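Per-entry structural report
One letter stands for each residue in the lines below.
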Amino acid sequence: MTCAELPMTVHDAIQSIQQYLDHGQYTQAIALCQHNLEMLPGHAALYRLWGKGLDRLGKVEEAIAIYQQGLQHTPDSAALHAELGRLYGQQQHLALAITYYQKALQINPTWGDVHHNLGAILHQTRQWDAAAAAYHNALNYSQHPARVHMNIGTLWSDQQRNSLAIAHYQQALQHDPSHLNAYHRIGQFFVTQKAFGQAIDLYQQALSHCEDRKDKASIHNRLGQIYQQQDKLSDALTAYETAIALEPELAIAHYNLGQLWSSHQHYPNAHRCFQKALDCKMNHAALSSSWGFLLLEQGDWSTALSLFKTSVQLQSAFIQAYCEQALGRTADNAFNRVRISCAQLLQGLLKDDDDDALIFRLGQVYEAIADLFYEAKIFKRAEPALQKTLSL
């Protein structure tokens, strides 16, 4: 029975329930579902809305139970099967999610969103061919083809089949010329290939299609990174400053601009940019690390070490795994000695060792780096590392 065929009172109730959900009044929505199910216990839409209310309250297990209860009354409800697929997917019960999405599609084979969601779960479980088939089915029925093409592109990218990935990202742009993520995916491919001119042309094209200020700021920030990779200081500076003018709280643009100033030894400007990135709530290991190295260059060991400690704490699990791997190596060559000395320093930072011990460890790192460059006969790089060792 469809909503149009229901008695007016129940039809009106469903509209009221949806309004409650839309306005965040979940308890009222659930109560109205329960009241109407007393009159019409086998109506799938009421179970679906009841489950949505519970889900939005964070009561996922209860929502699942309600959907299952609804299926006992209406086992041919594609909507209830799809909702169970969605919730099981969120809980990472992926086999169950696949099963319920497939059951939904047996009942309603033309439901594009369910084909897409099934593809996403199959993609996550690395069932490449089945995922591709589901996504292509979604294209036949979906009202959001750009989204589907993006996911097909990512599916191919995950298999290192970049030309196929790019083709689908480009198709996504044909359907939605302002799709920012498609530009970023294609642009990243060009940058990886060092096709900087093509990347810049692509982002210039993106600027002509994107109207949102935040999107434009993101594009200018990306252009700044590309110019910086080519050591085009003036162009990079202009791009970062344009990004910040469009979106003053864009922390990553302040950080990248700080990196640019630091690499050209404009230390006061770099400090100011890093501080602004921090003010914009950038809580990232890279910020603390870059700022620490900047202070190290200026001889402020204590503050630098404090920032390094913050950096390693923000990525402690990764750091611990790296240290275990590095310390398991033998010091039989210069490269391994660098890795071992770095691991010893990182361990000291994690343990919050005193500054004197950490400065000694840091000196060992620079000494190992100098040895590595000397061994490789890269004397211009070895000399600065040795000087840092002596200063420490």
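Everything in this summary refers to the structure shown in the same document. (Residues numbered from 1 in each chain as written. Predicted model: local features only at pLDDT ≥ 70, side-chain atom pairs only at ≥ 80, totals over all residues. Heavy atoms only, no water.)

Side note on the environment of Trp128
Using the following cut-off: Runs of E in the DSSP output that reach at least two residues are strands. Runs of H or I that reach at least four are helices, and both are numbered from the N terminus. Any pair of residues with heavy atoms lying within 4.5 Å of one another is described as a contacting pair.
With respect to the element layout, Trp128 can be found in helix 8 (residues 128-141). Considered as a pair, Trp128 and Pro268 are 140 residues apart in the sequence and their alpha carbons are 51 Å apart. When sequence neighbours within four positions are dropped, the list of residues in contact with Trp128 reads His123, Leu155, Asp158 and Gln159.

As for helix 17 (residues 285-297)
Worth spelling out the cut-off: Every helix has an expected span of 1.5 Å times one less than the residues it contains. Working definition: with a 1.4 Å probe on protein chains only, accessible area under 20% of the residue-type maximum means buried, over 50% means exposed, and in between means partly exposed.
Over its 13 residues, helix 17 runs 19 Å from end to end, which matches the ideal 18 Å to within 8%, given 1.5 Å per residue. What helix 17 keeps buried is the set Ala285, Leu287, Ser288, Ser290, Trp291, Gly292, Leu294, Leu295 and Leu296. Among the structural elements, helix 15 (251-263), helix 16 (267-279), helix 18 (301-314) and helix 21 (355-375) are those in contact with the buried residues of helix 17. Backbone geometry just downstream of helix 17 places Gly299 in the positive-phi region, at approximately 85°.

Description of the packing of aromatic side chains
We count it as follows: Each Phe, Tyr or Trp ring (for Trp, its six-membered ring) is paired with any other whose centre lies within 6.5 Å, and the angle between the two planes then decides the class: stacked below 30 degrees, edge-to-face above 60, tilted in between.
Across all of its chains, the model carries six aromatic pairs by this definition. Considering the side-chain rings of Tyr88 and Tyr100, the 5.6 Å spacing of their centres and the 25° angle between planes classify their relative orientation as stacked. Of the two residues, Tyr88 sits in helix 5 (residues 78-90) while Tyr100 sits in helix 6 (residues 94-107), which places them 12 residues apart along the sequence. Accessibility expressed as a relative area gives 11% for Tyr100, which makes it buried. Consider the rings of Tyr255 and Phe274, whose centres lie 5.9 Å apart with planes at 35°: the pair is tilted.

A short note on the layout of surface pockets
Test applied: Put plainly, a pocket is an open set of points on a 1 Å grid over the protein atoms alone with protein on both sides within 12 Å along at least five of seven lines, a cavity is a set where a 1.4 Å probe fits but cannot get out, and a lining residue has an atom within 4 Å of a point. Grid points are joined across faces, edges and corners, and a volume is the space filled by probe spheres set on the points. Each residue is assigned to one class: nonpolar for Ala, Val, Leu, Ile, Met, Phe, Trp, Tyr, Cys and Pro, charged for Asp, Glu, Lys and Arg, and polar for all the others, Gly among them.
When its volume is computed, the largest pocket comes out at roughly 740 Å³. Lining the largest pocket are 28 residues, and of these Ser289, Phe293, Glu297, Phe308 and Tyr366 lie nearest its centre. Only helix 15, helix 17, helix 18, helix 20 (334-350), helix 21 and helix 22 (379-391) provide two or more residues apiece to the lining of the largest pocket. Looking at the lining of the largest pocket residue by residue, the classes come out as 17 nonpolar, eight polar and three charged.

Quick notes on the state of the cysteines
The following threshold applies: Any two cysteine sulfur atoms within 2.5 Å of one another count as a disulfide.
The tally for this structure, following the rule as stated, stands at zero disulfides. Unpaired in terms of disulfides, Cys342 finds its nearest cysteine sulfur in Cys323, a separation of 9.4 Å.

Here we look at the nonpolar core
Definition in use: For the purposes of this section, nonpolar cores are sets of buried Ala, Val, Leu, Ile, Met, Phe, Trp, Tyr and Cys residues that join through side-chain atoms within 4.5 Å.
Residues Trp50, Ile219, Leu223, Leu257 and Leu349 are the most contacted members of the largest nonpolar core, which totals 116 residues. When near neighbours in sequence (up to four residues on either side) are disregarded, Leu349 contacts Leu305, Phe308, Lys309, Val312, Gln313 and Leu358.

Examining the side chain of His43
Put simply, the rule is: Think of a polar contact as two N or O atoms within 3.5 Å of one another; within protein, one of them needs to be a possible hydrogen donor and the other a possible acceptor, and neighboring residues in sequence only count if both atoms come from side chains.
For His43, the location among the structural elements is in the loop between helix 2 (26-39) and helix 3 (44-56). Judged by relative accessible area, which is 7%, His43 ranks as buried. Within the local environment of His43, its side chain forms a polar contact with the backbone nitrogen of Ala45, the two atoms lying 3.2 Å apart.

Quick word on the pattern of salt bridges
Heads up, the rule is: By salt bridge we mean one thing: a side-chain nitrogen of Lys or Arg within 4 Å of a carboxyl oxygen of Asp or Glu.
Counted by the stated rule, this structure contains eight salt bridges. Its salt-bridge partner being Glu83, residue Arg48 comes within 3.2 Å of it at the nearest N-O pair. Of this pair, Arg48 sits in helix 3 while Glu83 sits in helix 5, and the two are 35 residues apart along the sequence. Using a relative accessible area of 4% as the deciding quantity, one classes Glu83 as buried. One salt bridge connects Lys309 with Asp352, and the closest N-O pair in it is separated by 2.7 Å. Here the residue Lys309 occupies a position in helix 18, and Asp352 occupies one in the loop between helix 20 and helix 21, the gap between them amounting to 43 residues. Judged by relative accessible area, which is 16%, Lys309 ranks as buried.

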